[in-house]
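# Observations on the three-dimensional arrangement
The residues making up each chain are set out below.
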Amino acid sequence: MRHITNIAGIASLASVLCATALIGHADAQTAGAPEREAYQQVPMPPGFRVEIGEVDGPVFADPKGMTLYYWPHTTMRNGVTGDPKNASNCTDTRTTKTAGLMSPYPPGLDLPELDRRKSCAEVWPPVWAEADAKPVGAFSIITRKDGRKQWAYDEHALYTSILDERPGDVRGASTRRTGGDGPAARAVAAVPPAIPPGFAIVTTTMGRQLVTDEFYSVYWSERDGPEKSNCDTACARTWAPVLASAAAQSKGDWSTFERSPGIRQWAFRKKPLYTNVLDPTTGSLQGSDVPGWHNAYTQLAPSPPPSFTKQDSPGGVVLADAKGKTIYVYNCADDSFDQLACDHPDAPQSYRLAICGGGDVDRCLRTWPYVVAEPGAQSANRTWQVIEIDPRTGRFAKPGQPGALRVWSYLGSPVYTYAGDKQPGDLRGDGNGEFGGSRNGFQAFFLRDEFFNNAS
Amino acid sequence: MKHRANVLISRTLFASIAVSATVATASAEGGIENRTIGYALTSARWAIHQTADGKSECPEGFNEGPREQFKALFPNGGSVEKTQLAYESMVRYPLDEPMKFPYREARGPTGLGLDLDGKQGPEDFISPEGARGIDNQLFRAIGCTRLFRTPDGTYAHFTNMWVKEFGFNRILMELTDVDSLSNDDSVNVTLYRGRDRLMQDATGANIMPGGSNRIDTRFGARFIHRLKGKIQNGVLTTEAADVYWPWAVFFRRPGGYEMRGLRFNLKLTPDKAEGFAGGYADIDSWSSQLVRAWSTHHSSYGGLSQPSLYPVLRKLADGYPDESGRMTAISSALSISMVQVFIQHEPDTTLAAAEGAAKRK
């Protein structure tokens, strides 16, 4: 299932957006071939491989290159769902009733469009193991209730997603943070990144961002040279060098250098790294507001459509259309035991119609219009695509269908604006839906969120 | 995102120390320094007059919420579309007409807040201190809904927790041209949003005066408001102004209330400011914010039916008529508490100093 609550990421915003420190960084880092995140070489089953997701970075994939996912056991408001370790609850049986996992609605309601409804295993095809398959590294083999063998990673049963169409697609779930009152989301089987101790990587809408292991942002300075810091004592009061131990080894993108006698500092792609002591919280990017200072990314997310803009809002920087209206994504998962997604044009549209128009299609189209692609607009990457939608049904249009709209989509689902937003940076539609838009509703597309980490 | 509270606190303290290092830490007599004093919001709740058992203001009891209404509307269950999604549709697109369920409005002569229109009308309340003409029809609308009542109502509980905790809600109020906190016939009052956490005591439960806070001039630009005021007998009163009040609650989603004709009435001391912010809440934006901030689930814990509340707000609206004469806003009051802080006007003072020093070398 696609976890839309924390739907993932964007984009080197390069030439389309206003010049800021962030864009400056994007320009600097995207000069030449796009950087790809390095990962640890780990043993995999025969034929398995690693694909680099445009947004999510390195992911495990099956022999056809399709991304692997698992379904963590998750405690909901009124019960538990997901897979326990070494077992699969995702079966061929089609669920027909709600499970009542989320308050306040009771279990036992009839799920929509039962004649078209797929089983969990149809939406999430298990990754079968041959009868003679042998465990490899963290990959093991579980026996399903019907006796069939399935691959598992870190004791989690593995699946692919029917939403993924090509190698490298990661549309079934996201490596962005999950939790709260969102669905029992599937997780991406991500490949461990090749980073030294003391660092971590978070997936954000801007890219795979380097942070400390305490999740504070890491920065680099334009004033520094390759493996040379020009941040002196006064500067270092604000910009704390990320220090390396004497035993730390240089490897790949990572190196250390002696910034002063006996004091070693980490560098990433030869850029000395720092934290900003004035960043008030984890996830804050305030340091990037200082001219010459930038966040560090292992890889940047793909560019959004060229006509899009970015706007300052009360919550941070949001993606916006050409007129400055905030872009929203729609998130949805049903309340079945399977927690299947309902945010995709192939899914039941009744959930979205209830939120966007109270069940009224015309009101929905007025209140939450699609973002129509400009004539001639082409998809430049797999993340941002032009798709054709039947606006009356919300489903994919048939080829040549009269009245179809060519609209922008993010990771396979349309994006929207909100009629209640009157000026650039307005967020009046944000959180509109069940559980703040986490389960069935709309959330603004944050490029930077100084307060709630909604960009990560 | 993983949270490490201990790390965060120590980090924040360090940041606060760094910021405040450039300013004098000792305040002048009366807390005023350079004819200026600042405060930060630590508590805000919709002002509701409550008696111990609620029988005085809510003689018919309290309102029922989504759980009870859902059970009554759909006793035999049904399809998701015709039950759950039908109810969610009503939450987002409520009717002007009342639902079939009884709605209990607060009653009685006593209410909290301010006289917003300078008149004494039949719907006005009398304050517990005897002041007449109190305009607070929002109290009438929500006073018998447990969610908004204290101490058990989750609205009051969570909003106050997050008013302090979420930097998004960090309202700062700065008084300038102040000669005395007792009497001054003209002061300037400016509202900002701060960028820093508040200084807690050793227990972590209480906010201490004397912290420092930088101004969020970028993302907080639309929260900056300037008002004229005066101080009489230690009470600050201001003129009215339209104010956008940041108030994020659940789900870590940004939000706020659009208040029209908001004015303050605050008892000032060198350490704190307490009292009311009274004004007219724009009905549509107030309802929209409530819907976005309080899901049907959360509304259920406190008997808040948003489809039932909306027509009541419409009915009780008493300010800002539109061209047709229909009122668009409802009188209300926020009971607020603030603590003294040093407001930093140079958001990057320390950074700039550091950068400047680095460049000179």
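Residues numbered from 1 in each chain as written. Chains lettered and ligands numbered in written order. Predicted model: local features only at pLDDT ≥ 70, side-chain atom pairs only at ≥ 80, totals over all residues.

### Points about helix 6 (residues 283–293) of chain B
Condition: In this scheme the burial state of a residue depends on its C-beta neighbours within 10 Å: 20 or more other such atoms mean buried, 12 or fewer mean exposed, and anything in between means partly exposed; the C-beta positions come from the backbone. Numbered from the N terminus, helices here are DSSP runs of H or I no shorter than four residues, and strands are runs of E no shorter than two. Our contact criterion uses C-beta atoms placed from the backbone: two residues qualify when those atoms are within 7 Å.
Of all the eleven residues making up helix 6 of chain B, nine are buried; the element is thus mostly covered by neighbouring parts of the structure. Buried within helix 6 of chain B we find Ile283, Ser285, Trp286, Ser288, Gln289, Leu290, Val291, Arg292 and Ala293 of chain B. Residues of helix 6 of chain B that are buried in the fold lie against strand 27 (432–434) of chain A together with helix 3 (84–92), strand 8 (256–268), strand 9 (272–282), helix 8 (306–316) and strand 11 (327–344) of chain B.

### Describing the interface of chain B and chain A
This is how it is decided: Gly is placed with the polar residues, together with every amino acid not listed as nonpolar (Ala, Val, Leu, Ile, Met, Phe, Trp, Tyr, Cys and Pro) or charged (Asp, Glu, Lys and Arg).
Tallying the contact residues gives 57 residues for chain B and 54 residues for chain A. Taken together, the residues that form the side of chain B that touches chain A break down as 22 nonpolar, 18 polar and 17 charged.

### Considering the pairing of strand 2 (residues 57–61) of chain A
All names here are of chain A. In plain terms, the rule: Only strands that DSSP links by at least two bridges are regarded as paired with each other.
Of all five residues that make up strand 2, five are buried, and the element is covered over most of its length. Pairing between strand 1 (residues 49–53) and strand 2: five bridges, direction antiparallel. Note that in strand 2 the partner of Arg49 across the bridge is Ala61. Between strand 1 and strand 2, which pair antiparallel one after the other, the connecting turn spans three residues.

### Topic: the domain arrangement of chain A
Note the cut-off: Each domain's limits were defined by an automated method or a database of domain assignments.
Annotation of chain A at the domain level lists domain 1 (195–300) and domain 2 (309–449). Placing the centre of domain 1 of chain A and that of domain 2 of chain A at their C-alpha centroids yields a distance of 36 Å.

### With respect to unusual backbone geometry
Of all residues except glycine, most have a negative phi; of all peptide bonds, most are trans. Pro104 of chain A follows Ser103 of chain A through a cis peptide bond whose omega is 0°. Note that the residue after Thr150 of chain B, namely Pro151 of chain B, is joined by a cis bond; omega there is 0°. Of note, the phi angle at Glu113 of chain A is positive, near 50°, even though the residue is not glycine. In this structure, Glu113 of chain A sits in the loop between strand 5 (79–81) and helix 2 (120–123). At Asp154 of chain A, a residue that is not glycine, the phi angle is positive and equals roughly 50°. With respect to the secondary-structure elements, Asp154 of chain A resides in the loop between strand 7 (149–153) and strand 8 (156–157).

### Things to note about the packing of helix 4 (residues 350–357) of chain A against helix 3 of chain B
Formally: All axes are obtained by fitting lines to C-alpha atoms, using only the stretch in contact for helices, and the reported angles, taken between N-to-C directions, cover 0 to 180 degrees. Every angle not falling under 35 degrees, over 145, or within 65 to 115 is termed oblique; those three ranges are roughly parallel, roughly antiparallel and roughly perpendicular. Crossings are assigned a handedness: left-handed for a near helix turned anticlockwise from the far helix by less than a right angle, right-handed for a clockwise turn.
Where helix 4 of chain A meets helix 3 of chain B, the axes come as close as 8 Å, and the angle between the chain directions of the two elements is 20°. When the axis of helix 4 of chain A is compared with that of helix 3 of chain B, the two are roughly parallel. As helix 4 of chain A runs across helix 3 of chain B, the sense of the crossing is right-handed. Contacts between helix 4 of chain A and helix 3 of chain B involve Ser350, Tyr351, Ala354 and Ile355 of chain A from the former and Leu85, Glu88, Ser89 and Arg92 of chain B from the latter. Among the residues making up the contact of helix 4 of chain A with helix 3 of chain B, the classes are represented as four nonpolar, two polar and two charged.

### Quick look at the environment of Val127 of chain A
All names here are of chain A. Tracing the backbone shows Val127 in the loop between helix 2 and strand 6 (139–143). Along the chain, Val127 and Tyr69 lie 58 residues apart, while their C-alpha atoms are 9.5 Å from each other. Every residue in contact with Val127, bar those within four places of it in the chain, is listed here: Asp62, Leu68, Gln150, Trp151, Leu158, Tyr159 and Thr160.

### Section: the sheet that holds strand 22 (residues 316–320) of chain A
All names here are of chain A. Here we have three strands laid out as an open sheet, ordered 21-22-29, and antiparallel in their pairing. The outermost strands of the open sheet, each flanked by one partner alone, are strand 21 (309–313) and strand 29 (446–449). Shown here is a sheet whose adjacent strand axes are inclined to one another by a mean of 20°, direction ignored. Strand direction decides the pairing type here: strand 21 and strand 22, joined by five bridges, are antiparallel. Bridged to Ser313 within strand 22 is Gly316.

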